[in-house]
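Spelled out, the chains give:
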Amino acid sequence: DALASMLTRPEGNHFGYQVWDELIPHLLSQGGRVATDWIDELPEPLRADALKSLAKNWASGDPQAAVEYIAGQLDSESQVRATQEVVRQWARYDPAGAADWAAGLADGQNREFVYKNIASHWSAADPVASLEWISRLPISSSRDAALVAFASNTAMSDPETSLQMASTITDPDQRGEAIAETLTIWRRSDQASARAALQSLGLPEDEAAALRADSSL
């Protein structure tokens, strides 16, 4: 249509970014193939932004189709950004489905982002189910990312579980930050319990002392 034609002209580059969220849903309403075929013909300066908008808008209707299409893109940076956009949307309304898909990802920074987003949304909506999922994950940097999000989200509502899970993070820096965050929140409502919980972790005294200082216990 006229709007799509305008964007594909060289002079459309300077304003095209403002209309993606109007154009892409319109194309998707005609079918996913219509949208992807059109995006495939775009020049690269526009294609990356179109991919990101496609990911955001398609994720709410068919996230599986969105990630499968994005996985076929040659530009790795655009692929990662678009995948992350799908996950942001997917994890909001179907974290279990997003988690099933994410299980097939190779470990690395993109999976860390994906797991952290899933855990963040899932633990806010259903901490018990999210904890069951995290508990089944193999030890990895991606599991650590999920644990960081879980501990942060549950520190106020269930500080005991938050602290317990934070203490299982394998990366020492992330573990210390997560424990300190939970203790800081916990001490505001029950400083004595926060102190006792820290002591129950059985940490070396120098590590425990650093956490007491970081959390103002």
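Provided above is the structure to which this section pertains.
Source: prediction; values computed, not measured.

> Got a minute to help me understand the overall build of the protein chain in this structure?
Of regular secondary structure, the protein chain possesses 13 helices and 0 strands. Going from N to C terminus, the protein chain has its helices and strands arranged as α-α-α-α-α-α-α-α-α-α-α-α-α. Looking at the 217 residues of the protein chain, the share that counts as buried comes to 45%. Intrachain contacts of the protein chain at a sequence separation of at least 6 include 52% that bridge at least 24 residues. Counting every atom, the protein chain has about 10900 Å² of accessible surface; 49% of that belongs to carbon and sulfur.

> Just to check I follow, could you spell out the nonpolar core for this structure?
As a rule of thumb, nonpolar side chains are buried together in soluble globular proteins. The biggest cluster of nonpolar side chains holds 59 residues, and the ones touching the most others in it are Leu54, Ile118 and Trp133. For this core, the leading source of residues is helix α12 (residues 172-200), giving 8 residues. The residues touching Ile118, leaving out its near neighbours within four places in the chain, are Ala91, Pro95, Ala98, Ala99, Ala102 and Trp133.

> Would you mind going over unusual backbone geometry with me for this structure?
Generally, phi is negative for residues other than glycine and the peptide bonds are trans, each holding for most cases. One non-glycine residue with positive phi stands out, namely Ser216, at about 60°. Summarising the element assignment, Ser216 is placed in the segment after α13 (205-214).

> How should I be thinking about the packing of aromatic side chains in this particular structure?
Each aromatic ring pair is characterised by the separation of its centres together with the angle its planes make. Throughout the structure, instances matching the rule amount to 4 aromatic pairs. Seen in terms of ring centroids, Trp58 and Tyr69 are 6.5 Å apart; in terms of plane orientation they differ by 55°. Their pairing is tilted. Within this pair, whereas Trp58 is found in helix α4 (residues 44-59), its partner Tyr69 is found in helix α5 (residues 63-71), the two being separated by 11 residues in sequence. Like Tyr69, Trp58 is buried. Ring centres 5.3 Å apart and planes at 65° place the aromatic pair Tyr115 and Trp133 in the edge-to-face group. With Tyr115 in helix α8 (residues 109-125) and Trp133 in helix α9 (residues 127-136), this pair connects stretches of sequence that are 18 residues apart.

What counts, and at which threshold
- Residues numbered from 1 in each chain as written.
- Predicted model: local features only at pLDDT ≥ 70, side-chain atom pairs only at ≥ 80, totals over all residues.
- Heavy atoms only, no water.
- Helix = DSSP H or I, 4+ residues; strand = E, 2+ residues; numbered from the N terminus.
- Buried < 20%, exposed > 50% of the residue type's maximum accessible area, 1.4 Å probe, protein only.
- Contact = heavy atoms within 4.5 Å.
- Areas by Shrake-Rupley, 256 points an atom, 1.4 Å probe, with all protein chains shown as cover.
- Core = buried A, V, L, I, M, F, W, Y, C linked by side-chain atoms within 4.5 Å.
- Phe/Tyr/Trp six-rings, centres within 6.5 Å; stacked < 30°, edge-to-face > 60°.

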